[in-house]
Amino acid sequence: MTKYPEFMMFSIHAILIDSEIKTLEKQMGITILKEQVISADEDDYLQFELRFRQEAREMSRHYELIYCLERQIRVWIEETLIAEKGDRWWETSVPEAVQDGAKNNMKKEKEAGVSIRSEKEIDYINFGELGEIVKRNWESFAPIFSDPRAFQKIVNILNQLRSPIAHSCLLSEDEIVRLRLTVRDFFRLMG
């Protein structure tokens, strides 16, 4: 397993830099980065009020950061536990309540008649439950993350910050700063 994928670190850092530039632009009333232009094939998007489109554009960078981090954590968990516990890692290393939640979410999605998001159970659990898997298998993750309490604290904060982003609410300036700092804290845990 690649414990410190350089491309992922680069991507997260690029998102953080972009976020800081946009904050600076807002504070100083200047434009450094060119705004995204809506293409002509996005007619449905143009039907919404301008303020919602602007908010969506602003929030998209925070969503992108959380998305990348959450997807990367899922990969680290899966790769680490396959290497440590084998192909049956899900059955042997994931708390039963987390397994049950994933199973229920998969069933609901199948019964809804929509395209399934994934064949993997890990894609059907929430951010906090990812932390529970790491907590239960700390011996496997100790070489990656420096402290179990710090890891749990950071995951809890990220889970709280994820909720308004996932539910289409604006983050306050303080929470935007907290998100950036918490992501940095997360990577600092990795050494």
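Residues numbered from 1 in each chain as written. Predicted model: local features only at pLDDT ≥ 70, side-chain atom pairs only at ≥ 80, totals over all residues. Heavy atoms only, no water.

Visitor: A description of the packing of helix 3 (residues 50-85) against helix 9 (residues 173-189) should follow, citing residues and the corresponding values.
Guide: Working note: a packed helix pair is described by the angle between its axes plus the distance between those axes. Close contact between helix 3 and helix 9 brings their axes to 12 Å; oriented N to C, the two are set at 25°. The angle between the axes of helix 3 and helix 9 places the two elements in the roughly parallel class. Crossing handedness for the pair helix 3 and helix 9: left-handed. Within the contact between the two elements, helix 3 uses Glu 58, Arg 61, His 62, Leu 65, Ile 66, Leu 69, Ile 73 and Trp 76 and helix 9 uses Ile 176, Leu 179, Arg 180, Val 183, Phe 186 and Phe 187. (Axes fitted to C-alpha atoms, helices over the stretch in contact; angles between N-to-C directions. Helix = DSSP H or I, 4+ residues; strand = E, 2+ residues; numbered from the N terminus. Parallel < 35°, antiparallel > 145°, perpendicular 65-115°, else oblique. Left-handed = near helix turned anticlockwise from the far one by under 90°. Contact = heavy atoms within 4.5 Å.)

Visitor: Can you tell me about helix 8 (residues 148-166), naming the residues and giving the values?
Guide: Relative to the 27 Å expected for 19 residues at 1.5 Å per residue, helix 8 spans 26 Å between its end C-alpha atoms, a close match to the ideal helical length. Within helix 8, the full set of buried residues consists of Phe 151, Gln 152, Ile 154, Val 155, Leu 158, Leu 161 and Ile 165. In this structure, the buried side of helix 8 is in contact with helix 3, helix 6 (127-136), helix 7 (138-141) and helix 9. The distance from a side-chain oxygen at the start of helix 8 to the backbone nitrogen of Arg 149 is 3.0 Å, and the residue carrying that oxygen is Asp 147. Trailing helix 8 by a residue or two, Ser 168 shows a phi angle of about 55°, which is positive. (Expected span 1.5 Å × (residues − 1). Buried < 20%, exposed > 50% of the residue type's maximum accessible area, 1.4 Å probe, protein only. Polar contact = N/O pair within 3.5 Å; in protein donor to acceptor, adjacent residues only side chain to side chain.)

Visitor: Can you lay out a nonpolar patch on the surface for me, pointing to particular residues and giving the numbers?
Guide: Taken together, the side chains of Leu 24, Met 28, Ile 30 and Ile 32 define a hydrophobic patch exposed on the protein surface, amounting to about 360 Å² of accessible area. Within the secondary structure layout, Ile 32 lies in the loop between helix 1 (6-28) and helix 2 (43-46). On the accessibility criterion, Ile 32 (46% relative accessible area) is partly exposed. (Patch = residues over 30% accessible without salt bridge, like charges linked within 9 Å, V, L, I, M, F, W, Y side chains within 5 Å. Areas by Shrake-Rupley, 256 points an atom, 1.4 Å probe, with all protein chains shown as cover. Salt bridge = Lys/Arg side-chain N within 4 Å of Asp/Glu carboxyl O.)

Visitor: Tell me about the packing of aromatic side chains, and name the residues and values.
Guide: If you walk through the whole model with that rule in mind, you get 10 aromatic pairs. Summarising the aromatic geometry, the rings of Phe 151 and Phe 186 are spaced 6.3 Å apart at their centres and angled 50° between planes, so their arrangement reads as tilted. Of this pair, Phe 151 sits in helix 8 while Phe 186 sits in helix 9; the two residues are 35 residues apart in sequence, bridging distant segments of the chain. Of the two residues examined, Phe 151 and Phe 186, each falls in the buried class. Considering the side-chain rings of Phe 186 and Phe 187, the 5.5 Å spacing of their centres and the 85° angle between planes classify their relative orientation as edge-to-face. For the pair shown, Phe 186 and Phe 187 are each scored as buried. (Phe/Tyr/Trp six-rings, centres within 6.5 Å; stacked < 30°, edge-to-face > 60°.)

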